[in-house]
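Listed here are the chains, written in short residue letters.
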Amino acid sequence: MTARDALRERLDKATADLDPPFAVVDLAAFDANARDLARRAGGKPLRVASKSVRSRTLIERALATAGWHGVMAYTLAEAIWLVRCGATDDALVAYPTADRTALRELAADPGLAAAITLMVDGPAQLDLVDAVAAPGHRAEIRVCLDLDGSWRPLGLHVGVRRSPVHTADAAGKVAREIGVRRGFRLVGLMAYDAQIAGLGDAPPGDTLRGLAIRLMQRRSYRDLLHRRAAALAAVREHADVELFNSGGTGSVAATAADPAVTEVTAGSGLYGPALFDGYRAWRPEPAAFFALAVVRRPARGFVAVSGGGWIASGQTHASRQPVPWLPAGLRLVGTEGAGEVQTPLRGAATDGLRVGDRVWFRHAKAGELCEHVNELHLVDGAEVVQTVPTYRGEGRAFL
Ligand SMILES: Cc1ncc(COP(=O)(O)O)c(C=O)c1O
């Protein structure tokens, strides 16, 4: 029996009484991923990217693993909720916020303000905070400076479009501006290397593209090593920063090796979604799955399951579709893809599937799976040992 067959048998047995659609997390794989990531961080703390987990129980489980500390939140409202729930007392909101209600709540509560750090890349975000709650009449607001992690060789732009602060000089200038503003404390820097951490360097079936990506990533890494050190030095002239966050699941070991970096982020690697099969250095074990029921057999060699169109965000591409995983030997139909209410599948494994059987899928990305289900069934061996709510299940749709 192959490992995939054994996994299928185990998941089927554990969930025999459940009716699809539903999602599970295999705890052994989740815990192994959490430990592996911590080992790869080589002693630097790992901050859990909550957007890639979206279940309080599993965020807390990661944080209970040696080597993990603090949450990288994706909205301020989420960070406030997590701190108020006691899930963490250290939340770095990794993206700027314009949520006035949440800002008002933060500014009114010194305990909350001590536990949460906002992301900024210039004075506009500071102005928004001041407009909501004037300095002198609010708690001190902790802020982190977002240093652009993209690579810009010869005027090109490789990476994501986020912060306008690209150079050490620019970082120093913003740090100086923050330093003269009342009611703010600059506590850190962040530089997310999306073109390394979030881009698989071994795309399946595309050797040439893989080579080009690896070359780009080596050059970009060298640029980041240099720029992170220089930016840190420039910022330190104006603020006594305590953290420098960088990296993601796809770059944990390399990022942790940079002496300027004090902590690394990871989230997706806990669930091991399909997009992370295209990485060479480390591949997480698949830990999150969802089950859909076979509801018809359109023709020989085909089955159709109910639901399926749980598409991942980002650039529209076939790789953003869910992957039929168990039984092995199923694939989406090119002309239809994963459908809103039904998804046809083809392949040799359809022969063994009958109406009422289930097919196990993997989402392309990690946390977005949780926006489709209210709960996650936690599987230990061949048993569901706990059923826990997702953010959505707790009525919390943050983004
Ligand atoms: C700022 C930031 N850091 C880190 C990450 C990496 O998260 P993950 O480990 O889930 O890929 C992301 C993902 O988009 C991010 O936006």
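Throughout what follows, the structure given in this document is the object of discussion. (Residues numbered from 1 in each chain as written. Predicted model: local features only at pLDDT ≥ 70, side-chain atom pairs only at ≥ 80, totals over all residues. Heavy atoms only, no water.)

Considering the site of the ligand
So, point 1. In the vicinity of the ligand lie 17 residues, with Ser 52, Tyr 95, Arg 162, Thr 249 and Ser 268 positioned nearest.
So, point 2. Contact distances for the ligand include 3.4 Å between an oxygen atom and a side-chain N or O atom of Lys 51.
So, point 3. The side chain of Thr 249 places a nitrogen or oxygen atom 2.6 Å from an oxygen atom of the ligand.
So, point 4. When the free accessible area of the ligand is taken as 400 Å², the share hidden by the protein chains comes to 94%.
So, point 5. For the shell around the ligand, the per-class residue count stands at eight nonpolar, seven polar and two charged. (Near = heavy atom within 4 Å. Polar contact = N/O pair within 3.5 Å; in protein donor to acceptor, adjacent residues only side chain to side chain. Areas by Shrake-Rupley, 256 points an atom, 1.4 Å probe, with all protein chains shown as cover. Nonpolar A, V, L, I, M, F, W, Y, C, P; charged D, E, K, R; others polar.)

Points about the sheet that holds strand β8 (residues 243–246)
So, point 1. Ordered by their spatial adjacency, eight strands build a closed barrel running β2-β3-β4-β5-β6-β7-β8-β9, and the pairing between neighbours is parallel. The mean inter-strand angle of the sheet, taken between neighbouring strand axes irrespective of direction, is 30°.
So, point 2. Here two bridges tie strand β4 (residues 91–93) to strand β5 (residues 116–120), and the two strands are oriented parallel to one another. Following the sheet pairing, Ala 91 is matched in β5 by Ile 116.
So, point 3. Of the strands in this sheet, β2 (46–49), β3 (68–73) and β9 (263–266) touch helix α2 (residues 27–40), which is tilted by about 100° from β3. (Pairing = 2+ DSSP bridges. Helix = DSSP H or I, 4+ residues; strand = E, 2+ residues; numbered from the N terminus. Axes fitted to C-alpha atoms, helices over the stretch in contact; angles between N-to-C directions. Contact = heavy atoms within 4.5 Å.)

Some points on the environment of Ala 66
So, point 1. Residue placement: Ala 66 occurs in the loop between α3 (56–63) and β3.
So, point 2. We classify Ala 66 as exposed; its relative accessible area is 67%.
So, point 3. Separated by 309 residues in sequence, Ala 66 and Glu 375 place their C-alpha atoms 26 Å apart. (Buried < 20%, exposed > 50% of the residue type's maximum accessible area, 1.4 Å probe, protein only.)

Looking at the packing of aromatic side chains
So, point 1. As enumerated under the stated definition, the model contains ten aromatic pairs in all.
So, point 2. Taking the centre distance of 5.1 Å and the plane angle of 90° together, the rings of Trp 81 and Tyr 391 count as edge-to-face. Taken together, the residues span a long stretch of sequence, with Trp 81 in helix α4 (residues 76–85) and Tyr 391 in the segment after β17 (383–389) at a distance of 310 residues.
So, point 3. With 5.3 Å between their ring centres and 15° between their planes, Phe 290 and Phe 361 make a pair best called stacked. Of this pair, Phe 290 sits in strand β10 (residues 288–296) while Phe 361 sits in strand β15 (residues 358–362), placing them 71 residues apart in sequence. An identical accessibility class is assigned to Phe 290 and Phe 361; each is buried.
So, point 4. Each member of the aromatic cluster is reached from another via a ring pair, and the members are Tyr 74, Trp 81, Tyr 391 and Phe 398.
So, point 5. Taking the ring centre of Trp 325 as reference, the NZ or CZ of Arg 4 above it sits at 3.6 Å.
So, point 6. Sitting over the ring of Phe 184, Arg 138 keeps its end group 4.5 Å from the ring centre. (Phe/Tyr/Trp six-rings, centres within 6.5 Å; stacked < 30°, edge-to-face > 60°. Lys NZ or Arg CZ within 6 Å of the ring centre and 35° of its normal.)

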